[in-house]
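Observations on chain architecture
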Amino acid sequence: MKALLWLVVAAVFTAGVTTSSAQQKTETIRLTVGSSHPPVIPWVLAMRNTVVANTNKELERRGSKYRVEWNEAYGGVLFNFENTLEAVEQGITDFAWVGTLWEPAKMPVHNIGFALPFVTDNMDTIIKVMDELSVKNPAFAREWTRHNAVFFATTTSDSYQLFTKFPVTKLEDLKGKKILGAGAVGSWIEGLGGVFVNSGIPQMYNAVQTGLGEGVMLIPSGAVPIKLYEVAPYVTYVNIGSVPFGAFAANKQKWDSLPQEVRDVILPIARQYSAENVRIVKEREKAGMEAMQKHGAKLSTLPDDERTRWAKSMPDLARRWIADQERRGIPEAKNLVKQYMDAMRKGGAKPARDWDAGL
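Residues numbered from 1 in each chain as written. Predicted model: local features only at pLDDT ≥ 70, side-chain atom pairs only at ≥ 80, totals over all residues. Heavy atoms only, no water.

1. A look at the packing of aromatic side chains
Aromatic ring pairs are described here by two measures, namely the spacing of the ring centres and the angle between the planes. Applicable threshold: Pairing of aromatic rings covers Phe, Tyr and Trp, the last through its six-membered ring, and needs centres within 6.5 Å; plane angles under 30 degrees mean stacked, over 60 mean edge-to-face, and all others mean tilted. By definition, any uninterrupted DSSP run of H or I lasting at least four residues is a helix, any uninterrupted run of E lasting at least two residues is a strand, and each is numbered from the N terminus. Here's how the labels work: a residue is buried when its accessible area is under 20% of the maximum for its type, exposed when over 50%, partly exposed in between, all with a 1.4 Å probe on protein chains only.
What the rule picks out here adds up to 17 aromatic pairs. Ring plane angle 10 degrees and centroid distance 5.9 Å describe the contact between phenylalanine 95 and phenylalanine 152, whose orientation is recorded as stacked. Highlighted residues: phenylalanine 95 in strand E3 (residues 95–98) and phenylalanine 152 in strand E4 (residues 149–155), separated in sequence by 57 residues. Here phenylalanine 95 and phenylalanine 152 have matching classes, each one buried. Measuring from centroid to centroid gives 5.7 Å for tryptophan 144 and phenylalanine 151, while their planes differ by 35 degrees, and the two rings are tilted. Residue tryptophan 144 is classed as buried on the basis of its relative accessible area, which comes to 3%.

Written out as structure tokens, the structure is:
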């Protein structure tokens, strides 16, 4: 009789544990992660490789009852390159890659690198500098909170180069040519006599193919996946530099609505995004050059004297940027430029132009 009683108790206990375990697995949180670009692009793939790939593994490891069901909406399924910030702000997507380079008016502080070209191509240094500046200056945080967004990690990439239909050996070769690029790089061809055309990576191949543009100012990690060299076979390494141009972020209301234990899991994983993006870019650099050459691209390097001439002939972009930000009510703009340049030099950068000279 006692043996039977123990069997009943054991069965009830086991059933309770099984029921509890089943209940632990039933609480699913559905989240959307989106991008205007496809996952062949490093800064999109980095989202998949970090948060999407590892969130549930860590939740399970911690014994959490929550699991995340990710709806991956890449390649412009939900929004295009001109609306990455708005998509997060309005909750069209919960998590996303935000291209700050298309938001010079809404996110001017995050576009500081575009006002200071020819500084460095060291991606690790850029991430470190941006992290430091973000901690020192509340102006960075304000640009996210103002747009109902939560910042996780900076996007940077390889150095900007030229992809054209024609050879470039001197600055005069760009005169009168229509050059495509993200809005923030427009000032880089100012004074060269070229015509700047604002564009996003998904549109660039067709734009060059159809004659809307004759060249593109772009990073190879963005150009190689879309095979831009097929329509713009002259690849000139100008090495204008790497810059911070975006970030991994989330809609603030959605983020705040998540259980604390889920946020505790996602936050450190999301902050791994920058390093993963850089890892992918570095991994692909050599393969990208080989792929372009294999398919007939004509690779060359702009002579050093022409590169220096380009940097020196640019308008004083730093002072212009400072004046614009001060008009917008950002009094610390001058200090931001000084801090950025100082931190870059401390990190080993050797700028072709000292943008903070005389400030």
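From this point on, the discussion continues.
2. Looking at the nonpolar core
Quick reminder of the rule: To define a nonpolar core, start from buried Ala, Val, Leu, Ile, Met, Phe, Trp, Tyr and Cys residues and group those joined through side-chain atoms within 4.5 Å. Every residue pair with non-hydrogen atoms within 4.5 Å of one another is taken to be in contact.
Ranked by internal contacts, the top residues of the largest apolar core, which has 106 residues, are Phe95, Leu116, Tyr160, Trp188, Met217, Leu228 and Trp310. Those residues in contact with leucine 116 that sit more than four places away from it in its chain are Ala318, Val337, Tyr340, Met341 and Trp355. If you look at the next biggest cluster of nonpolar residues, it comprises 11 residues, including Phe79, Ala87, Ala149 and Ala249.

3. Focus on the pairing of E4
Note the cut-off: Here a strand pair is declared whenever DSSP counts at least two bridges between the two strands.
The buried fraction of E4 is high, at 6 of 7 residues. Bridging between E4 and strand E10 (residues 246–251) involves 6 bridges; their strand directions are antiparallel. Considered in E10, the bridge of alanine 149 is made with asparagine 251.

4. Brief notes about the environment of alanine 311
Mapped onto the elements of the fold, alanine 311 is located in helix H11 (residues 304–313). Once the C-alpha coordinates of alanine 311 and glutamate 143 are considered, the two residues, 168 residues apart in sequence, prove to be 29 Å apart. In this structure, alanine 311 is in contact with Phe118, Ala352, Arg353 and Trp355, ignoring residues within four places of it in sequence.

5. Structural notes on helix H10 (residues 273–294)
Short version of the rule: One less than the number of residues in a helix, times 1.5 Å, gives the span that helix is expected to have. Bend at a residue means the angle formed by two fitted axes: the first through the 7 residues ending at that position, the second through the 7 residues beginning there.
Taking 1.5 Å per residue as the helical rise, H10 with its 22 residues ought to reach 32 Å, and the 31 Å between its terminal C-alpha atoms agrees with that figure. Largest kink in H10: about 40 degrees, centred on glutamate 285. Directly after H10, the chain includes glycine 296, whose backbone phi takes a positive value near 95 degrees.

6. Some thoughts on unusual backbone geometry
Positive phi, close to 55 degrees, is recorded for asparagine 148, a residue that is not glycine. With respect to the element layout, asparagine 148 can be found in the loop between helix H5 (138–145) and E4. A residue is classified by how much of its surface remains accessible, and asparagine 148, at 16% relative accessible area, is buried. Phi angles above zero are rare outside glycine, and asparagine 239 is one such case at about 55 degrees.

7. Observations concerning the pattern of salt bridges
Put simply, the rule is: Definition used for salt bridges: Asp or Glu carboxyl oxygen within 4 Å of a side-chain nitrogen of Lys or Arg.
Under the definition given, this model contains 19 salt bridges. With its nearest N and O atoms 2.9 Å apart, the salt bridge here joins arginine 48 to glutamate 72. Of this pair, arginine 48 sits in helix H2 (residues 42–61) while glutamate 72 sits in strand E2 (residues 66–73), and the two are 24 residues apart along the sequence. Accessibility expressed as a relative area gives 32% for arginine 48, which makes it partly exposed.

No statement about biological role is implied by the geometric values presented.
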